[in-house]
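If you want the building blocks of each chain, they are given just below.
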Amino acid sequence: KGGNYLELLKDVDTVVFDKTGTLTKGSFDVVEINGQDDLLMYGAYGEYYSNHPLAKSIVKKYGKAIDESLISDFKEIAGKGIDVYIKQHHVILGNATFFEEKNIVVKEPSRVGTIVYIAIDEKFAGSIVVADQIKETTKQGIQSLKKVGVKNTVMLTGDHHKVAQDVASQLGIDSVYSELLPSDKVTQVEQLLSQKQGYVAFVGDGINDAPVLARADVGIAMGGVGSDAAIEAADVVFMTSSVEAIPQAIAIGKKASRIAWQNVVFALVVKALVMILGLLGFANMWMAVFADTGVAMLCVLNSIRALKIQS
């Protein structure tokens, strides 16, 4: 959204990622159901009004028509879960932190994944385990970031610690912070900003990422799948959802900066040289024309090299 952000990209040494939809596909699949027979039904009804990809996967797994008249008093608590009434039963769906606040003891499933715990009438009823898939290009993109000079890669997620560590280990990410609320992500980025040597870039695509995108030195949104709020708050928008676009953008920033400095130095040296020759009586009209128009043309030709940049 401006040449200044292209210039900032060349000095980025820390890249912070949101996990869901950025490093992963954001297309969840239900992989395990632990609890009573109608647990999936309560899960689907409870998540029906939520726009989160995880909620949509549970509704999709249920695969039956939802009778909205059976749902009332729906409340979605960001980063925690849902409080709702289904068939006049008080149903709570969410993560372990949400259930701790409600003083409801949960049983953790054996399968690694994002866990949606469910309580019916204040009693723990079971859990639904949902797994996300890592994008095919993500690992190569992380490796390419190291090659262009990024020293630190960080992942922020609201997912369970085990899930976050599993994804981070597969991708080779340096640091991971899990079980975060949207406000916690802003706090973590602010800490990184206070410790930085270079600039900090944040990469996200969801509506909850907008505050972090605005707070980072360079906010990067995946425009191909990003929400309108994320795209509006970001400084750089990619029309692709591939992580490999990030090292390519940094490489473009670095090369564009080198070419700009080459042009500045070349133009000043030539003009200074012709000026000195003019003072000594050796410069003619054609040398003056070259110092002005000729140098400008050479700088334009040099700038064309920016069209061929490899990350």
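If you're wondering where the values come from, they're calculated on a predicted model, not measured in any experiment.

Caption draft 1: Local environment of the overall build of the protein. Across its full length, the protein holds 12 helices and 12 strands. Taken against the 2.2 N^0.38 rule, which gives 19 Å for 311 residues, the C-alpha radius of gyration of the protein at 26 Å runs more than 25% over that of a compact globule. Taken over 311 residues, the protein has a buried fraction of 46%. At a minimum sequence separation of 6, the contacts of the protein that also span at least 24 residues come to 54%. Looking at the protein as shown, the accessible area adds up to about 15,900 Å², and 55% of this sits on carbon and sulfur atoms. Between the mean site of the 30 positive side-chain charges and the mean site of the 35 negative ones, the protein shows a separation of 9 Å.

Caption draft 2: Looking closely at the side chain of N302. Within the secondary structure, N302 is located in helix 12 (residues 285-303). A relative accessible area of 18% means that N302 is categorised as buried. A distance of 2.9 Å separates a polar atom in the side chain of N302 from a polar atom in the side chain of N263. Non-local contacts of N302, meaning those with residues more than four positions away in its chain, are made with I259, Q262 and N263.

Caption draft 3: How the structure looks around the layout of surface pockets. Space inside the largest pocket adds up to approximately 1,300 Å³. As for the largest pocket, its lining consists of 47 residues, of which H52, P53, L54, G79 and N208 are closest to the centre. Partitioned by chemical class, the residues of the lining of the largest pocket number 17 nonpolar, 18 polar and 12 charged. Of the pockets and cavities examined, the second largest pocket occupies roughly 180 Å³. Considering each element in turn, the lining of the second largest pocket owes the most residues, 4 residues, to helix 7 (residues 161-171). Across the lining of the second largest pocket, the residue classes break down as 6 nonpolar, 5 polar and 4 charged.

Caption draft 4: Helix 8 (residues 182-195), seen in detail. The end-to-end C-alpha distance of helix 8, which contains 14 residues, comes to 21 Å, matching closely the 20 Å that a straight helix rising 1.5 Å per residue would cover. Those residues of helix 8 that sit buried are K185, V186, Q188, V189, L192 and L193. Buried positions in helix 8, seen along its axis, are confined to an arc of 165° and lie on one side of it. Exposed residues pointing more than 90 degrees away from the buried face of helix 8 are listed as S194 and Q195.

Caption draft 5: Quick look at the sheet that holds strand 1 (residues 12-18). Pairing within the open sheet is parallel, and its 6 strands lie in the order 9-8-1-10-11-12. Among the strands making up the open sheet, the edge pair consists of strand 9 (175-177) and strand 12 (236-238). For this sheet, the mean angle separating the axes of adjacent strands, direction not counted, is 20°. Bridge analysis of strand 1 against strand 10 (residues 199-204) gives 5 bridges, and the strand direction is parallel. Its bridge partner being in strand 10, V12 is matched across the sheet by Y199. Relative to strand 8 (residues 152-156), helix 8 is tilted by about 165°, and along the sheet it contacts strand 1, strand 8, strand 9 and strand 10.

Caption draft 6: Seen up close, the pairing of strand 5 (residues 89-94). In terms of burial, strand 5 is a largely internal element, 5 of the 6 residues being buried. Pairing of strand 4 (residues 81-86) with strand 5 involves 6 bridges; the strand directions are antiparallel. Counterpart to G81 in the pairing with strand 5 is G94. Relative to strand 6 (residues 114-120), strand 5 is paired through 4 bridges, and the arrangement is antiparallel. Paired with V91 across the strands is I120, a residue of strand 6.

Caption draft 7: Layout of the environment of F74. Note that F74 resides in strand 3 (residues 71-77). On the accessibility criterion, F74 (26% relative accessible area) is partly exposed. For F74, the contacting residues outside a window of four places in its chain are G46, Y49, S50, I82, D83 and V84.

About the cut-offs
Residues numbered from 1 in each chain as written. Predicted model: local features only at pLDDT ≥ 70, side-chain atom pairs only at ≥ 80, totals over all residues. Heavy atoms only, no water. Helix = DSSP H or I, 4+ residues; strand = E, 2+ residues; numbered from the N terminus. Rg over C-alpha atoms; globule rule 2.2 N^0.38 Å. Buried < 20%, exposed > 50% of the residue type's maximum accessible area, 1.4 Å probe, protein only. Contact = heavy atoms within 4.5 Å. Areas by Shrake-Rupley, 256 points an atom, 1.4 Å probe, with all protein chains shown as cover. Lys, Arg positive; Asp, Glu negative; His and termini not counted. Charge placed at Lys NZ, Arg CZ, Asp CG, Glu CD. Polar contact = N/O pair within 3.5 Å; in protein donor to acceptor, adjacent residues only side chain to side chain. 1 Å grid on protein atoms, 1.4 Å probe; cavity = no way out; pocket = protein on both sides within 12 Å on 5 of 7 lines; lining within 4 Å. Points joined across faces, edges and corners; volume = space filled by probe spheres on them. Nonpolar A, V, L, I, M, F, W, Y, C, P; charged D, E, K, R; others polar. Expected span 1.5 Å × (residues − 1). Arc of directions from axis to C-beta. Pairing = 2+ DSSP bridges. Axes fitted to C-alpha atoms, helices over the stretch in contact; angles between N-to-C directions.

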